[in-house]
Amino acid sequence: MSATDVFDLLVVGGGINGAGIARDAAGRGLHVLLVEQAGLASYTSSSTTKLIHGGLRYLEYFKFRLVREALIERERLLSIAPHLVSRQRFILPYQPWLRPAWAVRIGLFLYDCLGSGGSLERSANVRLASSELGRPLRRELRRGFAFSDCTVDDSRLVVLNARDAAERGAVVQVGHRLVSAARERHFWRAEIECVASRRKFSVDARAIVNAAGPWISKVLTERLGSDSRQAVRLVKGSHIVVRQLFEGEHAYVLQHPDRRIVFVIPYQDDFTLIGTTDVAWRGEPGRVAIDPAETDYLCQTVNSYFERPIGPADVVWSYSGIRPLWDDAATEASAVTRDYVLDVDAPQGQPPVLSVFGGKITNYRHVAELGLEKLAPWFERMGAAWTLTAPLPGGDIPGGDIDAFIAEVRRRWPFLDALQARRLARAYGTRIARLLESVVSRDAMGEDFGGGMTRIEVDYLVREEWARSVEDIYWRHSKTGLHASPADQQRLDAYLQKTGNTGQARPALASSP
Ligand SMILES: Cc1cc2nc3c(=O)[nH]c(=O)nc-3n(C[C@H](O)[C@H](O)[C@H](O)COP(=O)(O)OP(=O)(O)OC[C@H]3O[C@@H](n4cnc5c(N)ncnc54)[C@H](O)[C@@H]3O)c2cc1C
């Protein structure tokens, strides 16, 4: 099989780490190919708690450097993606038998200090007994604390990193899997397979980035034949979504007697997101689902704090993901480090493979920067770091003021209702102008496939964002699936079939015979 394309970097994995590295590398002038076996953000990177946070809990493990770094990134992501990242106030009800008040106060003080210089409100004491914030909670919860972090649209963060990478010259191939790669003198020769057609492609690359998340060890040992000593620890985490549990824009952080915490966050206007669990996982990564014990755990935690009880019958949606954590030999799944390790394997000057172990969606930008620094010795002409201040597509919102931008969107496209204007402004930022270019009425947006997902948006997602399936459109590129009926789904599926937009990705690489 002869190689048909030569790249500087072959990035394996279209989660946040792969997309982030592809973007950074393309912007430094490298010729990049990103291959993703499913759709962008199909796995871990769309299954998160949607937080851009330092991780208050990690202070208990003395992970000050990790928390500080993440808090700096929190501020950077707010400025480069103000449409996707939002400030969020959290209320932590006080439970004297779990952590003493002085310990919580010191923790929050440290959290404020580590995030100092940022734009988020500092922590404070709250009197739940006499405040609206305590209204949905059980009467005995009289005191609490408030602190700030951010939420994010995790899967759109991935998609927009990939979009920017492509606009800077990267080739992004969804539905394509790395089958194998071997070193041939100064290059890797890699075999890529189109998952739908089983057609194979051969490419050469000067370096490989293994950002395969839960498959990282499998890619290293089975696809690349490496004997790296770094190991990954797979930990499953699940979330449930119920109808809006309380009013207001604040979120809650609930302490569980096992010392874990559960987040309860307003979600997509009409819903509340609750998670997560931490369960050691020994099976294949792939598609994972919540099990009844996890649903019970989350419902019981909520019920021990909230007046209005919830049960499995209240769950309207759930999702699960596998954390690909770097194995630090901790005994408890919840205690395994959330830190990252960037490992370069390049025996005797041969072409390198960089593997990304662990990490969080919060620090992907910084991890990409560090990863490329590690590869710099192989790319003498690689450009300097640049992602610190460059907005993601649609993120160039004046002053980062999303509320003013939403108001502007309503003025410019008055036929959008308030909810739709907000959803589109947040999803696309200033790129909304491309989506609604020459659209003059609601009717011109075409058929509604549920949740306000109209034909022009579907076409845009297919054309600009590599969406290929009902799943992509309802659950990753948007969350309109929360409002779509089975009949809507069938109509959307039929539309995608009719327009030939399912299954195979548009080939950008030549296939080998
Ligand atoms: C339950 C849960 C909650 C979390 N909450 C948060 C949070 O609130 N905040 C935060 O900062 N972090 C959070 N995280 C952590 C964060 O989600 C992960 O660190 C991050 O998403 C990992 O991204 P990744 O790109 O490494 O992996 P993934 O997103 O899994 O991407 C890897 C990709 O590689 C692809 N792939 C694998 N093998 C191949 C192959 N051979 N060829 C082609 N493609 C391949 C896969 O299909 C996959 O799409 C959470 C994680 C979980 C599981």
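Summarised in this report is the structure supplied together with it.

Conventions used here
Residues numbered from 1 in each chain as written. Predicted model: local features only at pLDDT ≥ 70, side-chain atom pairs only at ≥ 80, totals over all residues. Heavy atoms only, no water. Salt bridge = Lys/Arg side-chain N within 4 Å of Asp/Glu carboxyl O. Helix = DSSP H or I, 4+ residues; strand = E, 2+ residues; numbered from the N terminus. Buried < 20%, exposed > 50% of the residue type's maximum accessible area, 1.4 Å probe, protein only. 1 Å grid on protein atoms, 1.4 Å probe; cavity = no way out; pocket = protein on both sides within 12 Å on 5 of 7 lines; lining within 4 Å. Points joined across faces, edges and corners; volume = space filled by probe spheres on them. Nonpolar A, V, L, I, M, F, W, Y, C, P; charged D, E, K, R; others polar. Near = heavy atom within 4 Å. Polar contact = N/O pair within 3.5 Å; in protein donor to acceptor, adjacent residues only side chain to side chain. Areas by Shrake-Rupley, 256 points an atom, 1.4 Å probe, with all protein chains shown as cover. Contact = heavy atoms within 4.5 Å. Disulfide = S-S within 2.5 Å. Phe/Tyr/Trp six-rings, centres within 6.5 Å; stacked < 30°, edge-to-face > 60°. Lys NZ or Arg CZ within 6 Å of the ring centre and 35° of its normal.

1. Here's the deal with the pattern of salt bridges
Piece 1. Evaluated as defined, the whole model comprises 42 salt bridges.
Piece 2. Residues R189 and D204 are paired through a salt bridge, measuring 2.8 Å at the closest nitrogen-oxygen approach. Taken together, the residues span a long stretch of sequence, with R189 in strand 9 (residues 187-194) and D204 in strand 10 (residues 200-210) at a distance of 15 residues.
Piece 3. Given the relative accessible area of 8%, D204 is considered buried.
Piece 4. A salt bridge links E464 to R463; the shortest N-O distance between them is 3.5 Å.
Piece 5. Residue classification places R463 among the partly exposed positions, given a relative accessible area of 46%.
Piece 6. Connected via shared salt-bridge partners are E73, R76, R365 and E369.

2. Thoughts on unusual backbone geometry
Piece 1. Each neighbour pair has its own omega, and for G275 with T276 the value is 15 degrees, a cis peptide bond.
Piece 2. By secondary structure assignment, the location of T276 is in the loop between strand 14 (271-275) and strand 15 (279-280).
Piece 3. A positive phi is found at F62, a non-glycine position, where the angle reads about 60 degrees.
Piece 4. Structurally, F62 can be placed in the loop between strand 3 (51-52) and helix 2 (64-80).
Piece 5. Residue F62 is classed as exposed on the basis of its relative accessible area of 64%.
Piece 6. If you check the backbone angles, S438 has positive phi at about 60 degrees while not being a glycine.
Piece 7. Position of S438 among the secondary structure elements: in the loop between helix 10 (432-435) and helix 11 (455-465).

3. Considering the layout of surface pockets
The method is simple in principle: a probe with the dimensions of a water molecule rolls over the atoms, and the space it marks as empty is what remains.
Piece 1. Taken as a whole, the largest pocket holds about 1,500 Å³ of empty space.
Piece 2. Contributing to the lining of the largest pocket are 50 residues, with S86, Q268, D269, R422 and R426 lying nearest its centre.
Piece 3. Elements with a contribution of two residues or more to the lining of the largest pocket: helix 2, strand 4 (85-93), strand 6 (143-152), helix 4 (154-167), strand 13 (261-267), helix 8 (402-412) and helix 9 (418-428).
Piece 4. Ranked by residue count, the leading element in the lining of the largest pocket is helix 9, at six residues.
Piece 5. Split into classes, the residues belonging to the lining of the largest pocket amount to 13 nonpolar, 19 polar and 18 charged.

4. Quick notes on empty space enclosed by the protein
Piece 1. According to the stated counting rule, one finds one cavity of 30 Å³ or more in the structure shown.
Piece 2. In this structure, the largest cavity occupies an estimated 40 Å³ of space.
Piece 3. Looking at the largest cavity, the residues that line it are R156, L160, R163, P393, A427, Y428, R431, Y460 and E465.
Piece 4. The set of elements that each furnish at least two residues to the lining of the largest cavity consists of helix 4, helix 9 and helix 11.
Piece 5. When residues in the lining of the largest cavity are grouped by element, the largest group, three residues, is from helix 4.

5. Side note on the site of the ligand
Piece 1. Near the ligand lie 37 residues; those nearest to it are E36, T44, S45, L51 and T362.
Piece 2. At a separation of 2.8 Å, a nitrogen atom of the ligand approaches a polar backbone atom of L51.
Piece 3. When the free accessible area of the ligand is taken as 1,000 Å², the share hidden by the protein chains comes to 97%.
Piece 4. Taken together, the elements giving at least two residues each to the shell around the ligand come down to helix 1 (16-27), strand 2 (32-36), strand 8 (176-184), strand 11 (232-243) and strand 16 (315-326).
Piece 5. Counted by class, the shell around the ligand contains 13 nonpolar, 19 polar and five charged residues.

6. As for the environment of E437
Piece 1. Position of E437 among the secondary structure elements: in the loop between helix 10 and helix 11.
Piece 2. C-alpha separation for the pair E437 and A494, spaced 57 residues apart in sequence, amounts to 25 Å.

7. Some thoughts on the side chain of T454
Piece 1. For T454, the position within the fold is in the loop between helix 10 and helix 11.
Piece 2. In this view, T454 contacts Q420, R442, M445, G446, E447, D448 and F449; residues no more than four positions away in its chain are not counted.

8. Side note on the state of the cysteines
Piece 1. Scanning the entire structure with this criterion turns up zero disulfides.
Piece 2. Distance from the sulfur of C113, which forms no disulfide, to the nearest cysteine sulfur (C150) is 18 Å.
Piece 3. Classification of C150 by relative accessible area gives buried; the value is 0%.

9. A closer look at the environment of G452
Piece 1. Within the secondary structure, G452 is located in the loop between helix 10 and helix 11.
Piece 2. The spacing of G452 and L424 is 28 residues in sequence and 9.6 Å in space, taken between C-alpha atoms.
Piece 3. Apart from residues no more than four positions distant in its own chain, G452 is found in contact with Q420, R423 and E457.

10. Here we look at the packing of aromatic side chains
Piece 1. Enumeration over the complete set of coordinates arrives at 13 aromatic pairs.
Piece 2. Relative to F147, the ring of F90 lies with its centre 5.5 Å away and its plane at 20 degrees, an arrangement referred to as stacked. Of this pair, F90 sits in strand 4 while F147 sits in strand 6, placing them 57 residues apart in sequence.
Piece 3. Joined through ring pairs, the aromatic side chains of F90, Y111, F147 and F263 make up one cluster.
Piece 4. Between the NZ or CZ atom of R156 and the centre of the ring of Y428, over which it lies, the distance is 4.6 Å.

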